[in-house]
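Results of the structural survey
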Amino acid sequence: MGTTGEHGWVTAIESLHPSITWQAGGIEIGHFSHVEPVRLAGDGLLLIPSVFVANIAAHLADPWPWPRTLVYRARGTAALWGDQETVPRPDTLTALIGRSRARLLLALDAPASTSHLARSLAMTPGAVGDHLAILRDAGLLVRARSGRSVLYRRTPLGEALAAGTG
């Protein structure tokens, strides 16, 4: 449930920007201090989130073919304009845990056995087993028996590391 449903219109309007306050049935925008509070007497108020405004834009005077309008900064825009290099590249994972272990961790999108991993990555089963043991000891993998096979899969920590969010 959003701000309006949980806390009402006053809180929702005032949460759009620190300079907006609710004043007895109307709104007042601090940086438009030369203007009287805008009374909302059933005329409507159009709220438009935007990634292109840094502060707030408003059209509150008459005549205007649409209702009074507030254009405010959409929430979450910092993620749009922030550092685009937040997800580590595969070479970063390789530098952290080594090339072979990184290949194994990334190959485990679905549970797999040592022999399957060895075939698909062109590695020896002994080397795969050694690397899987180290990744399991580090809490990045778990293993479970499935019939005659032992299958390895990533833990949530392993998933986060493989996804670049860990």
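It should be noted that the structure appears before, not after, this text.
Notes on the structure in this doc start here. Keep in mind that what you see is a predicted model, and the values were worked out from it rather than measured.

Ordered in space as β7-β9-β8, the 3 strands form an open sheet in which the pairing is antiparallel. Sheet topology places β7 (112-113) and β8 (141-146) at the edges, where each strand pairs with a single neighbour. Relative to strand β9 (residues 149-154), β7 runs antiparallel, the two sharing 2 bridges. When the bridges of β9 are listed, A112 appears paired with Y152. Docked against the sheet, helix α7 (residues 125-137) engages β8 and β9, running at close to 115 degrees with respect to β8.

When helix α6 (residues 114-121) is considered as a whole, its buried residues turn out to be L117, A118 and L121. Down the axis of α6, the buried set is contained in an arc of 100 degrees. They therefore lie on one face. Its buried side turned inward, α6 meets α5 (99-107), β7 and α7. Just beyond α6, the residue with positive phi is A122, at close to 55 degrees.

A few words on the packing of α5 against α7. Two elements in contact, α5 and α7, have axes separated by 10 Å at closest approach and are oriented at 80 degrees. Considering their axes alone, α5 and α7 lie roughly perpendicular with respect to each other. Residue-level inspection shows S100, R101, L104 and L105 of α5 in contact with α7, the latter providing V128, H131, L132, I134 and L135. In the contact of α5 with α7, the residues fall into 6 nonpolar, 2 polar and 1 charged.

Quick notes on the rules
Residues numbered from 1 in each chain as written. Predicted model: local features only at pLDDT ≥ 70, side-chain atom pairs only at ≥ 80, totals over all residues. Heavy atoms only, no water. Pairing = 2+ DSSP bridges. Helix = DSSP H or I, 4+ residues; strand = E, 2+ residues; numbered from the N terminus. Contact = heavy atoms within 4.5 Å. Axes fitted to C-alpha atoms, helices over the stretch in contact; angles between N-to-C directions. Buried < 20%, exposed > 50% of the residue type's maximum accessible area, 1.4 Å probe, protein only. Arc of directions from axis to C-beta. Parallel < 35°, antiparallel > 145°, perpendicular 65-115°, else oblique. Nonpolar A, V, L, I, M, F, W, Y, C, P; charged D, E, K, R; others polar.

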